[in-house]
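Coordinate inspection notes
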Number of protein chains: 2
Amino acid sequence: MARSRIGVVGGTGAVGQVTLGLLREHGYDDVQVFASARSAGREIDGRRVVEATAEALENADVDIFLFSVGTSASRELVPHAVRGGAVAVDKSSAYRLEPGIPLVVPEVNGGRALENDGIIANPNCCAIPLTCVLKPLHDEAGLARVRVATYQSMSGAGAKSMQRLRETDHDDLDLLMEWDFDGDEFDEEAKLRDETRKILELPDLAIQATCVRVPVMVGHAEAIWVETEEPLSPERATAILGASPSVRLEQFPSPGKARDIDDVLVGRIRRDPTVGNGLALFLASDNLRKGAALNAIQIAELVLAAERAAA
Amino acid sequence: MARSRIGVVGGTGAVGQVTLGLLREHGYDDVQVFASARSAGREIDGRRVVEATAEALENADVDIFLFSVGTSASRELVPHAVRGGAVAVDKSSAYRLEPGIPLVVPEVNGGRALENDGIIANPNCCAIPLTCVLKPLHDEAGLARVRVATYQSMSGAGAKSMQRLRETDHDDLDLLMEWDFDGDEFDEEAKLRDETRKILELPDLAIQATCVRVPVMVGHAEAIWVETEEPLSPERATAILGASPSVRLEQFPSPGKARDIDDVLVGRIRRDPTVGNGLALFLASDNLRKGAALNAIQIAELVLAAERAAA
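In what follows, the accompanying structure is described.

How each quantity is defined
Residues numbered from 1 in each chain as written. Chains lettered and ligands numbered in written order. Predicted model: local features only at pLDDT ≥ 70, side-chain atom pairs only at ≥ 80, totals over all residues. Heavy atoms only, no water. Helix = DSSP H or I, 4+ residues; strand = E, 2+ residues; numbered from the N terminus. Expected span 1.5 Å × (residues − 1). Buried < 20%, exposed > 50% of the residue type's maximum accessible area, 1.4 Å probe, protein only. Contact = heavy atoms within 4.5 Å. Least-squares fit on C-alpha atoms with pLDDT ≥ 70 in both. Core = buried A, V, L, I, M, F, W, Y, C linked by side-chain atoms within 4.5 Å. Axes fitted to C-alpha atoms, helices over the stretch in contact; angles between N-to-C directions. Parallel < 35°, antiparallel > 145°, perpendicular 65-115°, else oblique. Left-handed = near helix turned anticlockwise from the far one by under 90°. Nonpolar A, V, L, I, M, F, W, Y, C, P; charged D, E, K, R; others polar. Pairing = 2+ DSSP bridges. Salt bridge = Lys/Arg side-chain N within 4 Å of Asp/Glu carboxyl O. Polar contact = N/O pair within 3.5 Å; in protein donor to acceptor, adjacent residues only side chain to side chain.

Here we look at helix 1 (residues 14-25) of chain B
All names here are of chain B. Helix length check: helix 1, at twelve residues, gives a terminal C-alpha distance of 17 Å against a target of 16 Å (1.5 Å per residue), a fit within 8%. Burial in helix 1 covers these residues: Ala14, Val15, Gly16, Thr19, Leu20, Gly21, Leu22 and Leu23. Packing partners of the buried residues in helix 1 comprise strand 1 (6-9), strand 2 (31-35), strand 3 (43-44), strand 6 (64-67), helix 6 (159-166) and helix 10 (289-310). Positioned one or two residues after helix 1, Gly27 has a phi angle of 90°, which is positive.

Thoughts on the relation of the copies chain B and chain A
Each copy superposes on the other: chain B lies on chain A with an RMSD of 0.0 Å after a rotation of 180° and an axial shift of 0.0 Å. Both copies of the chain, as the preceding transformation shows, are related through a two-fold rotation axis.

Quick word on the nonpolar core
Ranked by internal contacts, the top residues of the largest apolar core, which has 148 residues, are Phe65(A), Tyr151(A), Leu175(A), Phe65(B), Tyr151(B) and Leu175(B). Leaving out residues up to four positions away in the same chain, Leu175(B) has contacts with Tyr151(A), Val214(A), Val216(A), Ala221(A), Ser254(A), Pro255(A), Phe282(A), Val212(B), Arg213(B), Val214(B) and Pro215(B). The next biggest cluster of nonpolar side chains, apart from the first, holds 74 residues, and it includes Leu304(A), Leu165(B), Leu288(B) and Ile297(B).

Digging into the packing of helix 1 (residues 14-25) of chain A against helix 10 (residues 289-310) of chain A
All names here are of chain A. Interaxial distance between helix 1 and helix 10 falls to 9 Å at its minimum, and their mutual angle equals 50°. Here helix 1 lies oblique to helix 10, going by the angle between them. When the axes of helix 1 and helix 10 are compared, the crossing they make is right-handed. Here Val15, Val18, Thr19, Leu22, Leu23 and Glu25 of helix 1 lie close against helix 10, whose contacting residues are Arg289, Ala292, Ala293, Leu294 and Ile297. Of the residues contributing to the contact of helix 1 with helix 10, the split by class is eight nonpolar, one polar and two charged.

Focus on the sheet that holds strand 12 (residues 247-249) of chain B
All names here are of chain B. A sheet is described by the order of its strands in space; here six strands give the open sequence 10-9-11-14-13-12, paired in mixed fashion. In this open sheet, the two strands that pair with only one neighbour each are strand 10 (207-210) and strand 12. Each neighbouring strand pair of the sheet contributes to a mean axis angle of 25°, computed without reference to strand direction. Of the strand pairs in this sheet, strand 13 (residues 264-271) and strand 14 (residues 278-285) are connected by five bridges, and their pairing is antiparallel. Paired with Val266 across the strands is Leu283, a residue of strand 14.

Focus: the pattern of salt bridges
Scanning the model with the defined rule gives 48 salt bridges over all chains in all. A salt bridge links Arg147(A) to Asp272(B); the shortest N-O distance between them is 2.7 Å. Remark: Asp272(B) occurs in the loop between strand 13 and strand 14 and Arg147(A) occurs in strand 9 (residues 143-151); the pair is interchain, linking two chains. Across the pair, exposure class does not vary: Arg147(A) and Asp272(B) are buried alike.

Quick word on helix 3 (residues 71-83) of chain A
Residues and elements named next belong to chain A. Along its 13 residues, helix 3 runs 19 Å from first to last C-alpha, staying within 8% of the 18 Å computed at 1.5 Å per residue. Within the sequence span of helix 3, burial applies to Ser74, Leu77, Val78, His80, Ala81 and Val82. Downstream of helix 3 by one or two residues, Gly85 has phi in the positive range, about 105°.

Overview of the pairing of strand 13 (residues 264-271) of chain A
Residues and elements named next belong to chain A. In terms of burial, strand 13 is largely enclosed, as seven of its eight residues are buried. With three bridges joining them, strand 12 (residues 247-249) and strand 13 adopt parallel strand pairing. Paired with Leu249 across the bridge in strand 13 is Val266. Hairpin remark: strand 13 followed by strand 14 (residues 278-285), antiparallel, with six residues in the connecting loop.

Quick look at the interface of chain B and chain A
On the chain A side, the residues contacting the 52 residues of chain B number 52 residues. Run the count over chain B and chain A and you get ten salt bridges. Of the charged contacts in the structure, one is a salt bridge between Glu227(B) and Arg147(A), with a shortest N-O distance of 3.5 Å. Applying the counting rule to chain B against chain A returns 34 residue pairs in polar contact (both at pLDDT 80 or more). If you list the elements that add at least two residues to the side of chain B that touches chain A, you get strand 9 (143-151), helix 6, strand 10, strand 11 (220-228), helix 9 (255-258), strand 13 and strand 14 of chain B. With seven residues, strand 9 of chain B is the largest single contributor of residues to the side of chain B that touches chain A. Considering only residue class, the side of chain B that touches chain A consists of 28 nonpolar, nine polar and 15 charged.

Any functional reading would require information beyond the geometric quantities listed.
Written as C-alpha cells, this is what we have:
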C-alpha cells in the first residue's frame, strides 16, 4: 500500500497540508505535491512543489490524485489528471452532483467508489459527518425528516479565512454567512441537502439546513433534529451510533474536542418531545480530516485495495 | 419620568453596566448603584457604589430596583428590596417560573407587568428575542411546534467569561456547553422552553432547544424552525415581523449586526420544505440590551407609567 503513487493537488492549502500529514501517518512515501504557479518551486513536507498544469498532471507517474483546489481549478485540471489512467478524488463541488460520478463517504456508500470512471467526488465537509450519523439511524428506523443548524469553522473557508480569524480582535468576533445566496438559501445549504440525499441514496429525503460560520479555527458542529419512520429511542440510537464505524460517542461534542480526531463525535442524543418519532442530537467533526483530507484518503484506499485485489 | 428613583443592583456586572448606560440614554438621572461588598465604595458612572445589603435595599429611596445579580443573591435580596414598597425587576432565574410572578417581555405580554406584587421577572436572554418573534407568528397562524438551536455569546455568562474569551488564543476558540446538565438537557434549554411557554401563555407549546455558546463577545443568535397550525407563507411572515414592535428585518442577522441595537434582528425567513406548515428563520439580538438591561428598563417604564396614570 505504501508503494502507491499519490499526487496531492493543492498541497499548500488548508486541506492539502492536512492531507500531506495524514499520508505520512498512513505510511505513504511516494507522494508528489502539485499547486498553483504561485507555490511551485517551494518545498513543502520535504517535497518540491510542482506547478499543477494540465501537462504535468497528465504525465505524472501517479496512481491516485487527491485534489483540494477550488471548483473552477478542479473543473479545469481533473480531466487531465485522469486522462493517463489515474483516479482523481476531488474535494471541490465541481463533480459531486454529476450523475454517474460517485460521491463517497466510505462508511456510508463505500461500494460506490469502485463504480468510478476516473473521478470520485469527496463530499462537503458538513455532509460527511452528517451522513456518518444519519446512515445507521436510517438503516434502523428510516429517516422521515432532518433539520440541521451548523456551526462551521473558518478553516472550511480555507487558509486565508483562518488568517483572517487570527487577525480579528476578540471583541469583533462574529458569526459569518458569506456563502453564495440565491435569495432563499446559501449554496452551502443546497450542497448539504443535495449531497446528503445522493450519499444516502434517498433522493426525496425531507431535509433542510441552516448554515452558519462561527469564529472557531478548525472543526464543524451540527445541531440535528431527526424524525424517523419507525420509533427509535434515544437509548437505542445511542447504542447504534456507538457501534457505527467512524462515530464516537461524546457527551458534549465540540470542534475543539473533535480536532485532530478521525472519528465524528456525536452526543446530546435525546428525544425530540415535539413529535412522535423525533430525536435531537449534536455532532462535531474535524472538517480538515474526516470532513476532507481523511475521507479522501479513505476513498483512495478503497480504490487501491480493489486494484490490488484485481491484480 | 426622568425623576423616578432607580436602584441598579449588580451595577458592576456585564448587564449592570449596560443598564447604567441605557438609563443615561433614557434620561434617568436619579440612579443609585448597589453591588457586592467587593465593589462597594468604587465609583461607577460617576456614582459611589453602595453595598447591596438587606438593610441598604430596604431603606433606599428607590421606586424601582433593576436587579442583575446571581440567582442566589436575588433570592436573598429581592424580598428586602420590595419590602419598602418598591418594585423589583429581577434578571435572575430565581422568580421567573414562580406562579403569580409576572415574567414579562413588554411587546409580548406587557399587561402582565401591572399584575405584580412587587416582583417582576425579566426573562432569559434567549427567551426574550424568541418570544418577540414567535408572538406575532402565533397571533397570525397559531404555533404548533418550535425548535431552536442557539448561538449564545460569552457575555451571557457574565463579565468574567468575556475576560476569559479575551484571553483565549485564536487557535483555541471553541464552542462551549457549560450549563447545568440533568442528563438529558441543560438548564438553559429548560429555561428557554419553560419561559417561552409562560410568556406566550401557551403552557403546552411543543418546543425544544439546543443551546450552544459560541466564541462571540456580545449578541445571541438563534436558528429557528416553526410549524404553525394554519398556513403561513414566508412572505406573509416577513410582512408581519417587519411590522412587529422591537423586531427589525435584516437579511443575514448576526450578533455583530445586533450589537448596540435595541431591536431583535430577524431574517432568513423561508419555507421549511420538510413539513406542510413550516418556516425556518434566524434571529440575532444584543443579549445585554433587549436580552437583559433594555427589557428590564422597558418593564420599569410600564410600571412607572401606570403609577403616574393612577396618581
